[in-house]
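If you want the building blocks of each chain, they are given just below.
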Amino acid sequence: MSKALIIVGCLVLVYAVAGFAVDFLPVDAFQSSSNDSYLKIAPTDESSFDWAQFRLPALVVGAILVVIGKFVGGKN
(Lines give C-alpha, C1' and ligand atoms only; values in the text may rest on other atoms or scores of the structure.)
Protein backbone atom coordinates (compact mmCIF):
# COMPACT_ATOMS: atom_id res chain seq x y z
CA MET A 1 0.00 0.00 0.00
CA SER A 2 2.81 2.40 0.79
CA LYS A 3 4.38 1.88 -2.65
CA ALA A 4 1.06 2.69 -4.28
CA LEU A 5 0.82 5.91 -2.26
CA ILE A 6 4.33 6.90 -3.30
CA ILE A 7 3.62 6.19 -6.98
CA VAL A 8 0.34 8.11 -6.96
CA GLY A 9 1.96 10.94 -5.02
CA CYS A 10 4.81 11.15 -7.53
CA LEU A 11 2.36 11.23 -10.44
CA VAL A 12 0.40 14.04 -8.80
CA LEU A 13 3.64 15.92 -8.12
CA VAL A 14 4.71 15.55 -11.76
CA TYR A 15 1.34 16.97 -12.87
CA ALA A 16 1.66 19.92 -10.49
CA VAL A 17 5.26 20.73 -11.42
CA ALA A 18 4.44 20.47 -15.13
CA GLY A 19 1.50 22.81 -14.60
CA PHE A 20 3.77 25.41 -13.02
CA ALA A 21 6.51 24.88 -15.62
CA VAL A 22 4.17 25.62 -18.52
CA ASP A 23 3.98 29.24 -17.36
CA PHE A 24 7.69 29.67 -18.11
CA LEU A 25 7.74 28.18 -21.62
CA PRO A 26 8.09 30.66 -24.47
CA VAL A 27 5.26 30.68 -27.00
CA ASP A 28 7.59 30.46 -30.01
CA ALA A 29 10.14 28.05 -28.57
CA PHE A 30 11.35 26.75 -31.93
CA GLN A 31 11.03 29.96 -33.95
CA SER A 32 12.95 33.13 -33.41
CA SER A 33 10.69 36.05 -32.56
CA SER A 34 11.47 39.66 -31.86
CA ASN A 35 9.48 39.93 -28.65
CA ASP A 36 9.61 37.72 -25.60
CA SER A 37 6.15 36.27 -25.17
CA TYR A 38 5.50 33.45 -22.74
CA LEU A 39 2.63 31.05 -22.17
CA LYS A 40 0.41 31.78 -19.22
CA ILE A 41 -2.25 29.36 -18.08
CA ALA A 42 -5.49 31.26 -17.67
CA PRO A 43 -9.07 30.03 -17.68
CA THR A 44 -10.92 30.84 -20.87
CA ASP A 45 -14.39 30.96 -19.37
CA GLU A 46 -15.62 31.27 -15.80
CA SER A 47 -18.12 28.45 -16.22
CA SER A 48 -15.69 25.98 -17.78
CA PHE A 49 -13.67 23.42 -15.82
CA ASP A 50 -9.96 24.18 -15.85
CA TRP A 51 -7.30 21.74 -14.64
CA ALA A 52 -4.81 24.60 -14.20
CA GLN A 53 -6.59 25.87 -11.11
CA PHE A 54 -5.62 22.68 -9.26
CA ARG A 55 -1.85 23.08 -9.57
CA LEU A 56 -1.16 24.21 -6.00
CA PRO A 57 -3.57 21.74 -4.33
CA ALA A 58 -2.06 18.96 -6.47
CA LEU A 59 1.41 19.95 -5.30
CA VAL A 60 0.33 19.81 -1.66
CA VAL A 61 -1.63 16.56 -2.00
CA GLY A 62 1.22 14.91 -3.92
CA ALA A 63 3.75 15.88 -1.26
CA ILE A 64 1.45 14.61 1.50
CA LEU A 65 0.91 11.28 -0.29
CA VAL A 66 4.65 10.78 -0.76
CA VAL A 67 5.33 11.59 2.91
CA ILE A 68 2.57 9.23 4.07
CA GLY A 69 3.88 6.51 1.76
CA LYS A 70 7.43 6.93 3.07
CA PHE A 71 6.69 6.92 6.79
CA VAL A 72 3.59 4.73 7.06
CA GLY A 73 3.38 1.13 6.03
CA GLY A 74 6.44 -0.36 7.66
CA LYS A 75 8.95 -2.54 5.84
CA ASN A 76 8.05 -4.14 2.54
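Residues numbered from 1 in each chain as written. Predicted model: local features only at pLDDT ≥ 70, side-chain atom pairs only at ≥ 80, totals over all residues. Heavy atoms only, no water.

## Quick notes on the overall build of the protein
Selection criterion: Secondary structure counts use DSSP, requiring at least four H or I residues in a row for a helix and at least two E residues in a row for a strand, with both numbered from the N terminus. Partly exposed residues are those whose accessible area sits between 20% and 50% of the maximum for their type, while under 20% is buried and over 50% is exposed, using a 1.4 Å probe and protein chains only. Whether two residues touch is decided by their heavy atoms; if any such pair falls within 4.5 Å, the residues are in contact. Residue exposure ignores everything except the shown protein chains as possible cover, and the areas themselves are Shrake-Rupley values with a 1.4 Å probe.
Helix and strand counts for the protein stand at two helices and zero strands. Residues counted as buried form 17% of the 76 residues belonging to the protein. Of the contacts formed within the protein by residues at least 6 apart in sequence, a portion of 65% connects residues at least 24 apart. For the protein, the exposed area adds up to about 6,100 Å²; of that, 69% sits on carbon and sulfur atoms.

## Section: helix H2 (residues 55-71)
Applied cut-off: Multiply 1.5 Å by the residue count of a helix minus one, and that product is the helix's expected span. Arc definition: it is the arc formed by the directions from the helix axis to the C-beta atoms.
The end-to-end C-alpha separation of H2 is 25 Å, in line with the 24 Å expected for 17 residues at 1.5 Å each. For H2, the complete set of buried residues consists of Arg55, Ala58, Gly62, Leu65, Val66 and Gly69. Buried residues along H2 cover an arc of 100° about the axis, so they all sit on one side. Turned more than 90 degrees away from the buried face of H2, the exposed residues are Leu56 and Phe71. Remark: Gly73 follows H2 within two positions and exhibits a positive phi of approximately 120°.

## So, the environment of Lys3
Mapped onto the secondary structure, Lys3 falls in helix H1 (residues 2-21). With 70 residues separating them along the chain, Lys3 and Gly73 place their C-alpha atoms 8.8 Å apart.

## Things to note about a nonpolar patch on the surface
We count it as follows: Like-charged residues are merged into a patch within 9 Å and nonpolar side chains (Val, Leu, Ile, Met, Phe, Trp, Tyr) within 5 Å, provided each residue has over 30% relative accessible area and no salt bridge. Salt bridge criterion: a side-chain nitrogen from Lys or Arg within 4 Å of a carboxyl oxygen from Asp or Glu.
Together, Phe20, Leu56, Val60, Ile64, Val67, Ile68, Phe71 and Val72 make up an exposed nonpolar region whose accessible area comes to about 750 Å². Here the nonpolar patch takes six residues from H2, the largest share from any one element. Note on placement: Phe71 falls in helix H2.

No statement about biological role is implied by the geometric values presented.
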